[in-house]
Amino acid sequence: MACLLETPIRMSVLSEVTASSRHYVDRLFDPDPQKVLQGVIDMKNAVIGNNKQKANLIVLGAVPRLLYLLQQETSSTELKTECAVVLGSLAMGTENNVKSLLDCHIIPALLQGLLSPDLKFIEACLRCLRTIFTSPVTPEELLYTDATVIPHLMALLSRSRYTQEYICQIFSHCCKGPDHQTILFNHGAVQNIAHLLTSVSYKVRMQALKCFSVLAFENPQVSMTLVNVLVDGELLPQIFVKMLQRDKPIEMQLTSAKCLTYMCRAGAIRTDDNCIVLKTLPCLVRMCSKERLLEERVEGAETLAYLIEPDVELQRIASITDHLIAMLADYFKYPSSVSAITDIKRLDHDLKHAHELRQAAFKLYASLGANDEDIRKKIIETENMMDRIVTGLSESSVKVRLAAVRCLHSLSRSVQQLRTSFQDHAVWKPLMKVLQNAPDEILVVASSMLCNLLLEFSPSKEPILESGAVELLCGLTQSENPALRVNGIWALMNMAFQAEQKIKADILRSLSTEQLFRLLSDSDLNVLMKTLGLLRNLLSTRPHIDKIMSTHGKQIMQAVTLILEGEHNIEVKEQTLCILANIADGTTAKELIMTNDDILQKIKYYMGHSHVKLQLAAMFCISNLVWNDEEGSQERQDKLRDMGIVDILHKLSQSPDSNLCDKAKTALQQYLA
Amino acid sequence: MDCGSVAGERPKCPPGRRRLLLLLAAGRAGGPGGRGIPARRLLPALPGGPGALRPGARAVRGGAARASPLLLLLLVPCPRRAAAAPRRPPADWERPRSGPPAPPGSPAGRGGVWRSQPGLAPGLAGAAGALPRCLGRVAALASSRRELSLCAGNLQLDSRRREFASSGNRKLYFDTHALVCVLEENGFTTQQAEVIVSALMKIMEANMDIIYKDMVTKMQQEITLQQIMSQIANVKKDMIILEKSEFSALRSENEKIKLELHRLKQQVTDEVIKVRTDTKLDFNLEKSRVKELYSLNERKLLEIKTEMVSLHAQQDRAVTQTDRKIDTEVAGLKTMLESHKLDNIKYLAGGSAAAPFPHGDSALNEQEKELQRRLKRLYPAVDEQETPLPRSWSPKDKFSYIGLSQNNLRVHYKGHGKTPKDAASVRATHPIPAACGIYYFEVKIVSKGRDGYMGIGLSAQGVNMNRLPGWDKHSYGYHGDDGHSFCSSGTGQPYGPTFTTGDVIGCCVNLINNTCFYTKNGHSLGIAFTDLPPNLYPTVGLQTPGEVVDANFGQHPFVFDIEDYMREWRTKTQAQIDRFPIGDREGEWQTMIQKMVSSYLVHHGYCATAEAFARSTDQTVLEELASIKNRQRIQKLVLAGRMGEAIETTQQLYPSLLERNPNLLFTLKVRQFIEMVNGTDSEVRCLGGRSPKSQDSYPVSPRPFSSPSMSPSHGMNIHSLASGKGSTAHFSGFESCSNGVISNKAHQAYCHSKHQLCGLNVPELNSINTSRSQQASSFTSNDVDMMEADHHSNGVGEASSNGFLNGSSKHDHEMEDCDTEMEVDSSQLRRQLCGGSQAAIERMIHFGRELQAMSEQLRRECGKNTANKKMLKDAFSLLAYSDPWNSPVGNQLDPIQREPVCSALNSAILETHNLPKQPPLALAMGQATQCLGLMARSGIGSCAFATVDDYLH
């Protein structure tokens, strides 16, 4: 009633607009309930399909009155039902309508209405709730605020096929994220909805299917349960497979393919299961074909990309299925030049979907080319592919950019492509642009791609260096995001590999030793590994070793000791020993090891370690130290012999590992020579 | 004393430190001259460790070096300056030197440990290593030093005494002059006295000298005492200092020994660790060796296993082959047996029994049955009589380099395979019928042979077989070596992946849009060819030795889900039909449909329905209602199996009809004979005692048929009259007489109840006619039956064989329901010939003879008619069996068989009235069916997915 008081003020502003609708509202206040009912019915008829009328009624304050009538104990069920129908009709209008309805707290009122014994009324309430919840302006949390709502809805599922349809639809729209999934799951959503998949009504089946697709998404618990659910003696996956049949409506095929995809990704179905390999995958490929609607193509491609992302075999199959790669090339042909002239509506439609199409295609290309060189080659050979990606990199939509970078990243794993296509199209230029001020998600992919572009055989390395990559990457290593840190240090590592002295010095200067130490104590194992890799790359070729060790020798030795003493896994230790081996290769740097008995003892210890890799790495170190041709080798040999290294060498020369054995023998020869 | 202090201070320094000092002093200052050389040699050893590790030689040398400067210092009575000089440089020296071993400015924290390592370790090691060995020497050193210092003291004393002795302030205390005087007094001359005195003095002097020599003066004594005392104090001090230094030396020694011990301990632990790691290493080595051995064994085992398996497989293959051979032999023998059996039966049955079943069926082995089933399911629209499906490779249509085996399904290459000229292909036995709609076959690559140049595809009749599919015109192929598709050209287009041993390649021809796509291991590879010509044969081509492929034309389940693909196209085709534009004249369309419906109702005699329908849709019925009823009545009789009555009625109502149509009459009579056998014909039934009421009214002779209420002559008269007058009069007349017939309630009721038993759906229309029970009953009985009749009429109509098939297949089921119930009701009473009555049998045999005569007469008049002959023969062969219902020819007794007769009769009646012999609806359906057949023949694949049946609900 509080709202009602405001209405006169609003009315005065909009008097002329609303004059015609006025009497509808007035009739709601009639003392005769019969007249009120008639008024509501008239209002219902006036409102259907008339957005203007809906807006007028809302402005005139019909909503609070309708809600009042809806909740009033004294109202007849018929009146209540009609009220709910009118409210549902109002909600069907624009988003603003829904907002105004929400402002009047319509949801609790309708939920309250669900407790009524009258099925017709319940259905009207549910229909209205469905319309409101499917609107993008409604916060889905509203469904979960009252804990009793979900169980009640579950109980209503058995009432009629309309309740089934509406409730499933509400669930599928309001289930966002694992929390909601768990709530629904715990209230027995799977069992309650499963049998709806065999309903006679297509709409119910469809909504139930959609419900499962949201429930199973990235949720192993739900997925595992779904696999074993029996409906009419058939397992749920089999029912989904049946829904994949080609004579079923496209929407159904697509949604059941999604369900199966999510179940597969959640680990409930193996990727080599026939229902994935022979059913879901071909179905999703079909969804990408030209005959489908643009929305279906987008969804199909995205789902397919998600499905095949982790599995090489699926990628291979998808790449040969129905010329998928060529099919995807069509995604870039929107808006087509023909439609622009002939059909404005079509153009509008195309434009709206163009971004989505492109990003979906990029995503799918990225998944396809993630692991297999042949597929990458095929993708790049697709007409104008590189141009499209390069254009995609500078597109305004973040989604497209991200997808393009991901695609490019996938493709950049190919050595051949790095050296050819990537160079021809100067991919690094837009990439460096993307890296400036990009959001984190793009940065992660773009920087990991930069890693690939900075590989020593990549011809893009030079120009990228010139455009200030070192500073950028050093900046990344200080990021909060561990993925960015890894990528940053990784790229630096790649950059340092067989680089010139100047670059190495650049890296050391802009990274600073403090940062280096910070990275060495990073919690992320990958960061540590890559930092060690960077050190190792920095410390290669004799002059560089001596140069760097002369300036940073102390810190580096300290770091090495630190790591060797710390609790680290085999790989880390191996990497560290390799660094030592590199240091031992330097002319003057050798002394740093030789004078450090602690390190020598450690090397000795690792020579006798049970792990062959560590033995080998320590072996490298020793053989560098005892190498004959160099100055002072005699003394080093003596010292090492005194330490008992020679004995170990003898032992290792009997080792079953041929590599180790050879190394040991060469080292021993150094002694003999 | 200075020296003493120098010497005394020195031992205060700890030995290590001192050594350092000394050595450095020696090295740097070079004060003691060239003697510093040995020390210099040691210098580089100092910061490094080697000295420590090689204590032997170097420590000795070091010891020597250490001793020499010490001696020098001690032996040379250096001035204070000289002693101080070596001391300062070490301090200065020490500072810069401390740099290299200990890295400058090292960070705090753990770095401390780091730093200490290089700095301390060598020092400790050096000290520890060097000292124990020179310990004794140091002790010796100390003692020798003491000796030396004492000796030095003595020397000094000597020199001082000498100084004192040579000072010369001696005095002689005696008066020589007095002595001379005494002597002179005593008698000596002065001269003598002087001589004596001088001599005396000399002696005295000498004596004095001697005495002085041995005499110590007091002063001297005191001085000496003092000196001695101080000496003693010195020595004492020295002793104390020495004692102290000795202690510290001992302590340090102790320390050193401790360190040594520690080091030894460490060495021992190292050794232990080493030994331990050694053992560990040995363990690991041993472990890996064992592992390797294990894996080797396992591999061997596996190999043996696979060998076993392959042997098993070989054996199995051999066994199955033998089995199959045996099976075929047995099947062949069985067939032979069956045929002999049949011959015998035929012989026994007087040669009149025909063999209605294709007995070859039993010879089909399981696989072929499976194939048959699958092909039927996949391609239901294909008429295999007209267009057989490919089932194997053709042994005739192949190049000589191709060998076939395994029922012509396996293809292998047997040429040289050197150049592309050695390529060879084989086609399937038949082209792909268009009525398939979608055709699919699979080829499994058993072996890729030398190079794997296999081509799978399609080619038209007559394309050169010395080539791979795809190279020539009207030839299409997908090649395994490069994965390219060849579309009537020598150069391929990149198409799909390559394929090799173990792959299953499928080829799907879409005859609706004339495209083709391939599959690999069940995955569609996308469209390969478009605009394909019709009548292509499945083809494979091989080019190098060792290539073997197996075809699957439906013998086994396909890897690719072709049925799913077909479903898609079925849906598409049906959607296309549903959306087919009818045209803008909606009203006309509507009227046309209404006309068709009403004409259909009229045709089959649903007069009440037709009337009602016509009323509600404003239509006019062309035929008179009475005429419809008459036809209805005749049909009812025929369908009830009462052929005699039916013929009689027909002759009454349409007198000239049967005379003009001797063949039809003959057909009716034959049917009558069959019904006699069945026991349903009215003549026989009354003899069988089942219908006592009419028993006496039926005379023995068939000709003078007399219904209780109506004489035949009367009917004839009416009819002749009617025909003379024209249709109107005829119908009115007929109406009157039909009343009589209808009043025959016993028959009607019987008929009615019987058809009720059939359990047919009573349509809603029934309710319209409830008031007229007879019509209602007739309606009920005819509703579905008429449908059958209608389909059969299609079937009988010379062209529409398809319609016949479809119609019967659809309604068989319902009719079977009807049958069984009829049989249930009849089984107790008349499962015997002619209802079991002897009279009836006689009557039947008599009738048979008449029939035989009629047939001969017919042949004489109209020439040979094989259909009639066969009909008669079949009917007579019923008598050859003791239980005709279960005999091979028993299906003639089936009530369904009445329907074609019924519809033929109905059509004939209608024709006499210049009405269409088929209703337009049936005609339209027949046309549609026909059209589908035509589509199939002209290669339009959509026909596969649009059967008329789908639209008959």
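Residues numbered from 1 in each chain as written. Chains lettered and ligands numbered in written order. Predicted model: local features only at pLDDT ≥ 70, side-chain atom pairs only at ≥ 80, totals over all residues. Heavy atoms only, no water.

S.K.: Could you give me a rundown of the nonpolar core, with the residues and numbers involved?
M.R.: All names here are of chain A. Phe212 and Leu580 are the most contacted members of the largest nonpolar core, which has 248 residues in total. For this core, the domains that each give at least three residues are domain 1 (414-540) and domain 2 (566-672). Those residues in contact with Phe212 that sit more than four places away from it in its chain are Val190, Ile193, Ala194, Leu197, Leu226, Leu236, Phe240 and Cys259. (Core = buried A, V, L, I, M, F, W, Y, C linked by side-chain atoms within 4.5 Å. Buried < 20%, exposed > 50% of the residue type's maximum accessible area, 1.4 Å probe, protein only. Domains from an automatic or database assignment. Contact = heavy atoms within 4.5 Å.)

S.K.: Which residues make up the interface of chain A and chain B, and what values go with them?
M.R.: The partner chain B presents 39 residues to the 39 residues of chain A that form the contact. Roughly 3200 Å² of surface becomes buried between chain A and chain B when both sides are summed, with 55% attributable to carbon and sulfur atoms. Of all residues in chain A, Arg246, Lys554 and Lys651 of chain A bury the most surface against chain B, accounting for 22% of the area lost on that side. Summed over the shared surface of chain A and chain B, the number is 5 salt bridges. Across the pair Lys279 of chain A and Asp561 of chain B runs a salt bridge, and its minimum N-O distance is 2.4 Å. Counting the contacts that link chain A with chain B gives 8 residue pairs in polar contact (both at pLDDT 80 or more). Listing elements by their share of the side of chain A that touches chain B, those giving two or more residues are helix H18 (274-287), helix H20 (312-320), helix H37 (542-565), helix H40 (597-607), helix H42 (633-643) and helix H43 (645-652) of chain A. Looking at the side of chain A that touches chain B element by element, the count peaks at 6 residues for H37 of chain A. Partitioned by chemical class, the residues of the side of chain A that touches chain B number 10 nonpolar, 14 polar and 15 charged. (Buried area = accessible area lost by both parts, 1.4 Å probe. Salt bridge = Lys/Arg side-chain N within 4 Å of Asp/Glu carboxyl O. Polar contact = N/O pair within 3.5 Å; in protein donor to acceptor, adjacent residues only side chain to side chain. Helix = DSSP H or I, 4+ residues; strand = E, 2+ residues; numbered from the N terminus. Nonpolar A, V, L, I, M, F, W, Y, C, P; charged D, E, K, R; others polar.)

S.K.: With reference to specific residues and values, describe the environment of Cys283 of chain A.
M.R.: Residues and elements named next belong to chain A. For Cys283, the location among the structural elements is in helix H18. The buried category is assigned to Cys283, whose relative accessible area is 0%. Once the C-alpha coordinates of Cys283 and Leu304 are considered, the two residues, 21 residues apart in sequence, prove to be 9.3 Å apart. For Cys283, the residues in contact, after removing those within four places along its chain, are Leu244, Gln253 and Ala257.

S.K.: Which residues make up the UniProt feature "repeat: ARM" (unreviewed entry) in chain A, and what values go with them?
M.R.: When the UniProt feature table is mapped onto this chain, "repeat: ARM" (unreviewed entry) is found at residues 61-97 of chain A. Between the end C-alpha atoms of residues 61-97 of chain A the distance is 12 Å, and the span holds 76% helix and 0% strand. (UniProt positions renumbered as here; feature names shortened; annotations may be inferred.)

S.K.: Please give an account of the environment of Leu664 of chain B that cites residues and values.
M.R.: All names here are of chain B. Mapped onto the secondary structure, Leu664 falls in helix H18 (residues 662-678). Leu664 gets classed as buried once you look at its relative accessible area, which sits at 9%. C-alpha separation for the pair Leu664 and Val901, spaced 237 residues apart in sequence, amounts to 8.5 Å. Setting aside chain neighbours within four positions, we find Leu664 in contact with Leu658, Ala904, Leu905 and Ala908.

S.K.: Please set out the packing of aromatic side chains residue by residue, giving values where relevant.
M.R.: Under the counting rule described, the total for this entry stands at 24 aromatic pairs over all chains. Seen in terms of ring centroids, Tyr262 of chain A and Tyr306 of chain A are 5.8 Å apart; in terms of plane orientation they differ by 70°. Their pairing is edge-to-face. Within this pair, whereas Tyr262 of chain A is found in helix H17 (residues 250-265), its partner Tyr306 of chain A is found in helix H19 (residues 294-308), the two being separated by 44 residues in sequence. The buried category is assigned to Tyr262 of chain A, whose relative accessible area is 13%. Ring plane angle 45° and centroid distance 5.6 Å describe the contact between Tyr440 of chain B and Phe560 of chain B, whose orientation is recorded as tilted. (Phe/Tyr/Trp six-rings, centres within 6.5 Å; stacked < 30°, edge-to-face > 60°.)

S.K.: Now, about the pattern of salt bridges: what can you tell me, with residues and values included?
M.R.: Scanning all chains against the criterion turns up 47 salt bridges over all chains. One salt bridge in this structure joins Glu373 of chain A and Arg376 of chain A, with 3.2 Å as the shortest N-O distance. Residue Glu373 of chain A and its partner Arg376 of chain A are located together in helix H24 (residues 373-381), separated by 3 residues, close to a single helical turn. Judged by its relative accessible area of 29%, Glu373 of chain A falls in the partly exposed class. Of the residues examined, Arg376 of chain A reaches a relative accessible area of 5% and is grouped as buried. Between Glu675 of chain B and Arg671 of chain B there is a salt bridge; the shortest N-O distance is 2.7 Å.

S.K.: Can you explain the confidence of the model for chain B? Please cite residues and give values.
M.R.: It should be kept in mind that the predicted coordinates are not to be read in detail where pLDDT is low. Residue and element names in this part refer to chain B. Per-residue confidence for chain B averages 69 on the pLDDT scale, and 63% of its residues sit at or above 70. When the elements of chain B are averaged for pLDDT, helix H4 (residues 50-53) gives the smallest value, 35, and strand E10 (residues 504-510) the largest, 94. Across residues 1-168 the pLDDT falls below 50, and counting only partners more than four positions away or on other chains, this stretch makes 112 contacts in the model. Below pLDDT 50 for its whole length, residues 351-363 participates in 24 contacts with residues either more than four positions away or in separate chains. (pLDDT = per-residue confidence, 0-100.)

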